Amino acid sequence: MKIRVNRTVVEIFDGAKSQHAVLRYLAHRRLPKSLLTSGRIYDAYGHEIGLDAPLREGQTIKFKK
Amino acid sequence: MKKLLLTLAAACLLASAAFAEKKEVHILSANDMHAKIENFPQLAAIADSLRALYPSLLIISAGDNRTGEPLNDLYEIPAYPMVVLMNMVGFDATTMGNHEFDSGARGLGELMHMSTFSYICANLMPAPELGVLPRPTQIFDVDGVRVGFIGAVQINERQTPDTHPDNVVGLSFTPVLETIEKYSSIREECDAVVLLTHIGYDDDVALSAEVPWADLIIGGHSHTQLAGGEMHNGVLITQNTNRLQRVTHITLTVEDGRVIDKKAENIEVETYPKKNKVVAEMVRYFSDNPEFQRVLATLTAPMTSYEQLGCMMTDAWRVETGSDIAFTNTGGVRYDQLPAGPFTVSDVLRLDPFGNDTIQLELTGQELKDMLIATTYNDTYGFPKVSGIICNVIFDKKHPEKIKELKITNPDGSKFDLKKTYKVVTNSYTASIADSPRKDQGRALNRTTASIIQEYLEHQGTIDYTGVERTFQSVSKK
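Reading guide: rules and limits
Residues numbered from 1 in each chain as written. Chains lettered and ligands numbered in written order. Predicted model: local features only at pLDDT ≥ 70, side-chain atom pairs only at ≥ 80, totals over all residues. Heavy atoms only, no water. Helix = DSSP H or I, 4+ residues; strand = E, 2+ residues; numbered from the N terminus. Rg over C-alpha atoms; globule rule 2.2 N^0.38 Å. Buried < 20%, exposed > 50% of the residue type's maximum accessible area, 1.4 Å probe, protein only. Contact = heavy atoms within 4.5 Å. Areas by Shrake-Rupley, 256 points an atom, 1.4 Å probe, with all protein chains shown as cover. Lys, Arg positive; Asp, Glu negative; His and termini not counted. Charge placed at Lys NZ, Arg CZ, Asp CG, Glu CD. Buried area = accessible area lost by both parts, 1.4 Å probe. Salt bridge = Lys/Arg side-chain N within 4 Å of Asp/Glu carboxyl O. Nonpolar A, V, L, I, M, F, W, Y, C, P; charged D, E, K, R; others polar. Axes fitted to C-alpha atoms, helices over the stretch in contact; angles between N-to-C directions. Parallel < 35°, antiparallel > 145°, perpendicular 65-115°, else oblique. Left-handed = near helix turned anticlockwise from the far one by under 90°. Domains from an automatic or database assignment. Core = buried A, V, L, I, M, F, W, Y, C linked by side-chain atoms within 4.5 Å.

Chemist: Whenever I open this one, the overall build of chain A confuses me. Can you help?
Modeler: Scanning chain A for helices and strands turns up two helices and four strands. Helices and strands appear in chain A in the N-to-C order β-β-α-α-β-β. Expected size for 65 residues packed as a compact globule is a radius of gyration near 11 Å; at 10 Å, chain A falls within 12% of this value. Dimensions of chain A, computed from C-alpha atoms along their principal axes, come out at roughly 25 × 25 × 20 Å. When burial is assessed residue by residue, chain A has 51% of its 65 residues classed as buried. For chain A, contacts bridging at least 24 residues in sequence account for 44% of all contacts bridging at least 6. Within the structure as shown, chain A displays about 3,300 Å² of accessible surface, and the carbon and sulfur contribution to it stands at 45%. Positive and negative side-chain charges of chain A, numbering 13 and 6 respectively, have mean locations separated by a distance of 9 Å.

Given below as structure tokens:
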């Protein structure tokens, strides 16, 4: 499924959680994976959703370091 | 006559005053607790404090009470600790989350039987497999105020909640909106109507537009941290992030048979200064789980390298999922020594402690090769551990972090077909960090990789990985 993380669309397995999309985003951007635990993840409306939020096709999330 | 009229007028005033009396309904709500049993002493203290102020407090969960904590999930009866702790805190009701089905219908039925709180879920059809039936709706009488609840669980394109398909065999579900609308007559019977949903924030907002007759949606599933609650289409929506970091205290003010005010505030659980000592003692009891010392298999010779333990892990995933090939990032193998003797549940959880999900993909040989290389570049621990193939990796002498050549062969030494399609299994971390081109991104099997290793060891009985080696690494001469 396709998930938009910040301005990047990543493709990730079905059943992925927010942390998986961010990990793919970090790998794609060649950023350290350790940023995952120090950053925060938000939905498209700006609500914090944490690392284990289930995702659906086409969803937008924001990762802030 | 004048005296009689005055008496009647006074009686009417009194009656109207009584009729217009405002009453408050207090609800403490949690969602997506995911078996964070360590926070239950604080949750119980919060419930105690609120109950002292509001004796008719309702305590409600919006589902996903279980799954995510081995102390709970690996108990002899999976998720039994959560049921006991929810009973102790005094939960009145929960809806089903998709993870409530993780032990299958029979497992869920057992837990329902042990619960002193009710399960409200209108879109789960009655099924003999459950033994105990969930209620579609429930009406609570809170000091004379009738509060009606309708429950609903998320369903995906297969028309089942997100769990392993085997877990919902024999169960059937109906679409959320049309099911809730079917029970809209509850509005006429109640002073306040609450939708107890496990469908995610986006769908809760969409639902509020379709059911303006509801007063409140207590939501779950998307782990969305709302600041107290949000008003959408006149319906108050609440939800917190997962693992009992926060709960919500909701106050509904009811007058003349309808809700005239509603508000919600978050309460921090993890940092709450008080703990209920009885609940803390029960959590301590569950934390000393003898299940962790259960012997799964016997090691006839010691394991002495990451390679051996990685080979065993990936063998487990390949064999138990019926795949052709399995691999893991080397950082996912957490120790390199295990003496001969018993291989326990605790040993497995130390070896694979991250709660990773199992991901199955259909890959061509070339796509697998690209994925193995991408995993190496994105994991600081080097080339992956594999099962079902043999890998010869040659790193570049000038750029030792770069792979100059990767030769893959079949276990019998024959040529590996790069064009053939293979069923491949890995963990969710590896599937995420391996940013390489492939047609199939795979799908989660909704089973932790650690639970699959446990199964494999139990099926094997005895294991010996002496001399097993499948990845051979060298540096180029030029």
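Chemist: Before we go on, may I ask you to explain the interface of chain A and chain B in this structure?
Modeler: One frequently used descriptor of interface size is the decrease in accessible area upon assembly of the parts. Contact with chain A, which involves 21 residues of that partner, is made by 27 residues of chain B. On the chain A side of the interface with chain B, the three residues burying the most area are F13, R24 and H47 of chain A, jointly 29% of the side's total. Residue R56 of chain A is joined to D203 of chain B by a salt bridge in which the shortest nitrogen-to-oxygen separation is 2.9 Å. Of the residues contributing to the side of chain A that touches chain B, the split by class is eight nonpolar, five polar and eight charged.

Chemist: Would you take a moment to explain the packing of helix α2 (residues 40-53) of chain B against helix α9 (residues 277-287) of chain B for this structure?
Modeler: Two numbers describe a pair of packed helices, the interaxial angle and the distance between the axes. Residue and element names in this part refer to chain B. Where α2 contacts α9, the axes come no closer than 8 Å and their chain directions differ by 160°. Taken together, the axes of α2 and α9 are roughly antiparallel relative to one another. Considering only the axes of α2 and α9, their crossing is right-handed. The segment α2 lies against α9, with F40, P41 and A44 engaging V279, A280 and V283.

Chemist: Would you explain the domain arrangement of chain B in this entry?
Modeler: Residues and elements named next belong to chain B. Here chain B is partitioned into domain 1 (22-287) and domain 2 (294-475). Put simply, the middle of domain 1 and the middle of domain 2, counted by C-alpha atoms, are 39 Å apart. Each partner contributes to the interface: domain 1 provides five residues, whereas domain 2 provides six residues. Buried area between domain 1 and domain 2, summed over both chains or domains, comes out near 380 Å², and the portion from carbon and sulfur atoms is 67%.

Chemist: For this particular structure, what's the right way to read the side chain of D215 of chain B?
Modeler: Residues and elements named next belong to chain B. Tracing the backbone shows D215 in the loop between α8 (201-210) and β8 (216-218). We classify D215 as buried; its relative accessible area is 8%. The residues contacting D215, other than those within four sequence positions of it, are R187, D191, A192, V193, G234, V235, L236, V259 and K262.

Chemist: What's the story with the pattern of salt bridges in this structure? I'm lost.
Modeler: Two side chains bearing opposite charge may form a pair once their charged atoms approach each other closely. Residue and element names in this part refer to chain B. Across all of its chains, the model carries 16 salt bridges over all chains by this definition. With a closest N to O distance of 4.0 Å, K407 and E405 form a salt bridge. What makes K407 partly exposed here is its relative accessible area of 45%. For the salt bridge of R447 with E455, the shortest nitrogen-to-oxygen distance reads 2.4 Å. Salt bridges sharing common partners tie together E281, R284 and D288.

Chemist: Explain unusual backbone geometry to me, please; I cannot follow it from the model alone.
Modeler: In terms of backbone geometry, most residues other than glycine have negative phi values and most peptide bonds are trans. Its identity as a non-glycine residue notwithstanding, N6 of chain A has a phi of 55°, on the positive side. Structurally, N6 of chain A is set in the loop between β1 (2-5) and β2 (8-11). The backbone of H221 of chain B sits at a positive phi, close to 100°, despite the residue not being glycine. Mapped onto the secondary structure, H221 of chain B falls in the loop between β8 and β9 (229-232). H221 of chain B gets classed as buried once you look at its relative accessible area, which sits at 9%.

Chemist: Teacher, can you tell me more about the environment of S61 of chain B here?
Modeler: All names here are of chain B. Residue position: S61 is located in strand β2 (residues 58-61). With 29 residues separating them along the chain, S61 and D32 place their C-alpha atoms 8.1 Å apart. In contact with S61, other than residues within four places in its own chain, are A30, M33, M86, F91, A93, T94, T95 and L196.

Chemist: In this structure, what is going on with the nonpolar core? I would like to understand it.
Modeler: Note on soluble globular proteins: their nonpolar side chains tend to be buried together. L28, F40, L43, F91, M312, F343 and L457 of chain B are the most contacted members of the largest nonpolar core, which has 75 residues in total. Inspection of this core shows a minimum of three residues originating in each of domain 1 (22-287) and domain 2 (294-475) of chain B. Contact partners of F40 of chain B, with chain neighbours within four places excluded, come to M33, M82, L85, M86, V89, F91, L244, V279 and V283 of chain B. The next biggest cluster of nonpolar side chains, apart from the first, holds 45 residues, and it includes A16 and A53 of chain A together with L361 and L368 of chain B.

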